[in-house]
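The primary structure of each chain is shown beneath.
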Amino acid sequence: MRAICGINANKVASELGTQIRWICPIQGFYSSWNNVSDEHKRAVLQAVRDKFKVTENDVEGTELVEQVFNEKANLLYKDWKWRMNDFYTKTVDARLDAYQHPFQGMHIDDWKYMIDHVFKDPKREGRKRAGKKKRERVPYGHTTGSRSFAAVMTIAADREKQRIANEGNDDDGNGNEPNSNEGNEETKKLDLCDLFEASHRLRDTNEWINSTCQGKHCRTKRDANAIVIAKRNHLSAFLRPVKTILGYDTEQN
């Protein structure tokens, strides 16, 4: 799973975005994170590591950790650039002097550089068209906010493990069997199909984001049910000869 996951995933991503805006220079603004100098990249990532421990199986600095850091940084860098451009476009559309209305928190000289060397770059239109085509190839999004669906799924799985552990240690004398929801009706076992549905329906209308998303859910739900039925049939076929050996009446038991 190539995403920042865990309870603090949002905080790590937020800190990464803050350090990008703080450390990466405006004068000489890079077209993408991939073109940012190694010196600035190392400074950004180290600043995040100074506040958060990001690991793969409790090991820091692995190849996967570096890949996830850079992929997230690339998205945040693009978002920063997009928000500046969106502000510039709206300022121009409002017939205001864009040079005299800098982006929030930006020095006016840096803002003038962005306008002259980035927003008015003649090569930029070609990159915008290419980016639009790439975005159109994405089959569907999700409604989980700033957290990726992978991060949401991981957090849900961690909570499910904790729930199972708590049920397994149920010794308070309430009569509940381990892994039973009796007496704890509000606790719902994790169902990834339900999680997918909840995070891919529009919150206002409860409609699916699109038909592709709905079709994938239906196929996944169907396959999951088929697996459950297959397991039950396999268990039933296994129990019949056992009951016969033990002298039970299979039809009555």
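Residues numbered from 1 in each chain as written. Predicted model: local features only at pLDDT ≥ 70, side-chain atom pairs only at ≥ 80, totals over all residues. Heavy atoms only, no water.

Draft legend 1. A look at the environment of I23. Inspection of the secondary structure assignment puts I23 in helix 1 (residues 9-23). Counting along the chain gives 18 residues from I23 to K41, while the straight-line C-alpha distance between them is 8.8 Å. When near neighbours in sequence (up to four residues on either side) are disregarded, I23 contacts H40, A43, V44 and A47. (Helix = DSSP H or I, 4+ residues; strand = E, 2+ residues; numbered from the N terminus. Contact = heavy atoms within 4.5 Å.)

Draft legend 2. Representation of unusual backbone geometry. For R95, which is not glycine, the phi torsion reads 60 degrees and is therefore positive. Topologically, R95 is positioned in the loop between helix 3 (63-93) and helix 4 (108-119). With a phi close to 65 degrees, N206 is a non-glycine residue in the positive phi region. Looking at the secondary structure, you find N206 in the loop between helix 7 (192-198) and helix 8 (211-246).

Draft legend 3. Layout of the pattern of salt bridges. For the structure shown, the criterion picks out 7 salt bridges. Of the charged contacts in the structure, one is a salt bridge between D86 and K90, with a shortest N-O distance of 3.3 Å. With D86 and K90 both in helix 3 and 4 residues apart, this pair spans about one turn of that helix. Judged by its relative accessible area of 24%, D86 is partly exposed. For D194, the salt bridge goes to K221, with nearest N and O atoms at 3.3 Å. Of this pair, D194 sits in helix 7 while K221 is found in helix 8, placing the two residues 27 residues apart along the sequence. The class of D194 is partly exposed, set by a relative accessible area of 26%. (Salt bridge = Lys/Arg side-chain N within 4 Å of Asp/Glu carboxyl O. Buried < 20%, exposed > 50% of the residue type's maximum accessible area, 1.4 Å probe, protein only.)

From the geometry alone we can't say anything about function, so treat these as descriptive.
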